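Coordinate inspection notes
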Amino acid sequence: MKKPYKIIGSIVCCMMVTGFFFSCKGKGEKSNTDGVLSYLNFSESDYSNNARGHSNALSILAERGYLNFTDSKHGLEIGTKVRFYDTLDAMLMALHAGEICTAGGFSHSTAKYLISKDSSIQLAYEYNFPENIPETDVVPYIAKALAKEGFAFMLMKENEGMRDQFNAVIDEMQKDGTLNQLIQTQITDVINGAEILPIKTESKLERDTIKVAVTGDLPPMDYVAPDGTFAGFNTAVLAEIGKRLNKNIEMVQVSSVARAAALASGTVDVVFWTRTNVGQGVPYMSKIIVEGEDKAAMDKLRSGVTNDRTKHRSVIAKKDMPDNTIVTKVYFADYPCAVMQKE
C-alpha cells in the first residue's frame, strides 16, 4: 500500500511539451531523429530545451507500468535529435524513407487512426491506464495529469468577443453532452472503423460568416478528405457552433505551419486547433512530502521544471501560440503519441 503524502502547497501548472525524445537504439544516426509536427512558437531547439519535464513524466508512467513500448529495444532518451515538419504528409514520407525514427507531435487518437490506415506502421508506445488512478497514488496521478494536452481554437488577441462566444458554446456543448457525443462518433468510432462522412453546415444569407482554418493534419480530429471535402469531427463541431451562434461557418484549408499566417493576415477569423495546456486546470503539487520510491520519482518530475516555474509555464503553454493570439477553452484533450515503422 502506498504511504500517504502531505500537501504543503499547490499551484496550477500546465507545463509540458507534447512529445518527448524517443530512442531507436542501434538504428543509426539518421533514424535516431524524432519527427514532430511543427509548433508555431517553438523552434526545434526550444522543443529540445523544454522537453525534459514531459519526458520525465512519461518515463515514470513507463516505470509504473502505465506506458508500454512496442519494442523493448526502444525507449525514452534525453538528447536524441528532433526535426520539425510543416505537414503530416511530409513527416510520414520521411518516416517511410527512414529519415526519422518516429513521427509525432500529435495525439494518441491521431496515432491510432494512422495505424488503422497504414499497415506498415505501429504505435511507438501505448498507454495502460486504469479508469482512475487514485490521488493517493500521488506520483503516477500527477504524471498522468501532466502528460495530457488540450486542443483549442485560436484567435487574434483583439478578437476576445468572439473567443468568449466560442467559450460559451463549448461550455454548453460540454454540459448537454453534445461534445462527448461528437468525440465518440467522429473520433472514437472512426478509429474503430466507422466511415468519416461529410457534415452539412447551415448557410443563410442574413447571417455573418466566420472563416475557420482547418489543416487535415490531425485526423480524425482535424480531417480533410483527399478530394478536399471537409468532413468528420472538425466539420461537425463547427456546424454545431455555427448553429448555436447563428453564424455561417466557412472552412479554409491551410497547412499546419500556415495557421498563424492565415490568422494574422485576416484570411481566417479562427484557427480550428492549436496545442495548448491553457484552461485545463491540471493540478501540480509544488510542495509534496513523499517517502521511499515515490521521493525519487517526485524529484525526477521536479527536475524537468526550471526554477522559474512561472516563466516555464508561460513558455510551455504558448508553444503553439504566436504573439498576440488567444485561445478558447479546450474542446478535446488526449495523450501524446507517436508512430514508427514496423520491423
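Structure: above.
To start, this report covers the structure provided alongside it. These figures come from a predicted structure and were not determined experimentally. (Residues numbered from 1 in each chain as written. Predicted model: local features only at pLDDT ≥ 70, side-chain atom pairs only at ≥ 80, totals over all residues. Heavy atoms only, no water.)

**What to know about the overall build of the chain**
Formally: Counting from the N terminus, the helices are the DSSP runs of H or I reaching at least four residues and the strands are the DSSP runs of E reaching at least two. In what follows, a contact means two residues having at least one pair of non-hydrogen atoms within 4.5 Å. Per-residue and other accessible areas follow the Shrake-Rupley method at a 1.4 Å probe size, with only the shown protein chains counted as cover for residues.
Scanning the chain from terminus to terminus reveals 11 helices and 17 strands. Contacts in the chain between residues far apart in sequence, at least 24 positions, make up 85% of those at least 6 positions apart. For the chain, the exposed area adds up to about 15100 Å²; of that, 48% sits on carbon and sulfur atoms.

**Details of the packing of aromatic side chains**
Cut-off, in case you're wondering: Each Phe, Tyr or Trp ring (for Trp, its six-membered ring) is paired with any other whose centre lies within 6.5 Å, and the angle between the two planes then decides the class: stacked below 30 degrees, edge-to-face above 60, tilted in between. Working rule: Lys NZ or Arg CZ, within 6 Å of ring centre, within 35 degrees of ring normal, means a charge sits over the ring.
Scanning the model with the defined rule gives 14 aromatic pairs in all. Its guanidinium or amino end placed over the ring of Trp273, Arg259 lies 3.9 Å from that ring's centre, counting from NZ or CZ.

**What to know about the pattern of salt bridges**
Between side chains of opposite charge, pairing is possible as soon as their charged atoms come close. Spelled out, the test is: Counted as salt bridges are all cases of a side-chain nitrogen of Lys or Arg within 4 Å of a carboxyl oxygen of Asp or Glu. Burial classes follow relative accessibility: with a 1.4 Å probe on protein chains only, a residue under 20% of its type's maximum area counts as buried, one over 50% as exposed, and anything between as partly exposed.
For the coordinates displayed, the defined rule picks out 11 salt bridges. Between Asp164 and Arg163 there is a salt bridge, and its shortest N-O distance comes to 2.8 Å. Under the relative-accessibility criterion, Asp164 is labelled partly exposed at 42%. One connected set of salt bridges, linked through shared partners, spans Glu172, Asp176, Glu240, Lys243 and Arg244.

**A look at the pairing of strand S13 (residues 270-276)**
Keep this limit in mind: Pairing between two strands is assigned when DSSP locates at least 2 bridges connecting them.
Of all seven residues in S13, seven are buried; the element is thus mostly enclosed. Pairing analysis gives four bridges linking strand S10 (residues 149-156) to S13, with the strands arranged antiparallel. When the bridges of S13 are listed, Met154 appears paired with Val271. For strand S11 (residues 209-214) and S13, the ladder comprises two bridges, and the chain directions are parallel. Across the sheet, residue Ala213 finds its bridge partner in S13, namely Val271.

**Examining helix H3 (residues 88-96)**
Rule in force here: Directions pointing from the helix axis toward each C-beta atom define the arc.
Those residues of H3 not exposed but buried are Leu88, Met91, Leu92, Ala94 and Leu95. Buried residues in H3, looked at end-on, bunch into an arc of 155 degrees, giving them a common side. In this structure, H3 carries Asp89 and Met93 as exposed residues pointing more than 90 degrees from its buried face. Packed against the buried residues of H3 are strand S3 (33-37), strand S6 (81-85), strand S7 (102-107), helix H4 (108-117), strand S8 (121-123) and strand S17 (336-341). Positive backbone phi, approximately 80 degrees, marks Gly98, located one or two places after H3.

**Quick word on the side chain of Thr33**
Along the polypeptide, Thr33 turns up in strand S3. The exposure class of Thr33 is buried, given its relative accessible area of 4%.

**A word on the environment of Lys112**
Along the chain, Lys112 falls in helix H4. Using a relative accessible area of 30% as the deciding quantity, one classes Lys112 as partly exposed. For the pair Lys112 and Asn192, spaced 80 residues apart in sequence, the C-alpha separation works out to 9.0 Å. For Lys112, the residues in contact, after removing those within four places along its chain, are Leu123 and Ile191.

**A few points about the pairing of S10**
Taking burial as the measure, the eight residues of S10 include eight buried ones, the bulk of the element. In this sheet, strand S15 (residues 325-327) lies alongside S10 in antiparallel orientation, the contact comprising three bridges. Bridge pairing links Met154 to Val327 in S15.

**Observations concerning the nonpolar core**
Threshold: In plain words, nonpolar cores are sets of buried Ala, Val, Leu, Ile, Met, Phe, Trp, Tyr and Cys residues tied together by side-chain atoms within 4.5 Å.
If you look at the biggest cluster of nonpolar residues, it comprises 65 residues, and the most contacted ones within it are Phe153, Met221, Phe233, Phe272 and Tyr331. Excluding its chain neighbours within four sequence positions, the residues that come into contact with Tyr331 are Phe151, Ala152, Phe153, Leu179, Ile183, Met221, Phe233, Phe272 and Trp273. Met156, Ala260, Leu263 and Val271 belong to the second largest nonpolar core, which has 14 residues in total.

**Looking at the packing of helix H7 (residues 178-191) against helix H8 (residues 233-245)**
The following threshold applies: Axes, fitted as lines to C-alpha atoms, cover a helix only where it is in contact. Angles between the N-to-C directions of the axes lie from 0 to 180 degrees. Working rule for angles: under 35 degrees goes down as roughly parallel, over 145 as roughly antiparallel, 65 to 115 as roughly perpendicular, anything else as oblique. Crossing chirality is assigned from the near helix's rotation relative to the far helix, an anticlockwise turn below a right angle marking it left-handed and a clockwise turn marking it right-handed. In the scheme used here, Gly and all other residues not listed as nonpolar or charged are polar, with Ala, Val, Leu, Ile, Met, Phe, Trp, Tyr, Cys and Pro taken as nonpolar and Asp, Glu, Lys and Arg as charged.
Where H7 meets H8, the axes come as close as 9 Å, and the angle between the chain directions of the two elements is 155 degrees. Accordingly, the angle class assigned to the pair H7 and H8 is roughly antiparallel. Regarding H7 and H8, the two cross each other, and that crossing is right-handed. Contact residues: Thr178, Leu179, Leu182, Ile183, Gln186 and Ile187 in H7; Phe233, Ala236, Val237, Glu240 and Arg244 in H8. Grouping the amino acids of the contact of H7 with H8 by side-chain chemistry returns seven nonpolar, two polar and two charged.

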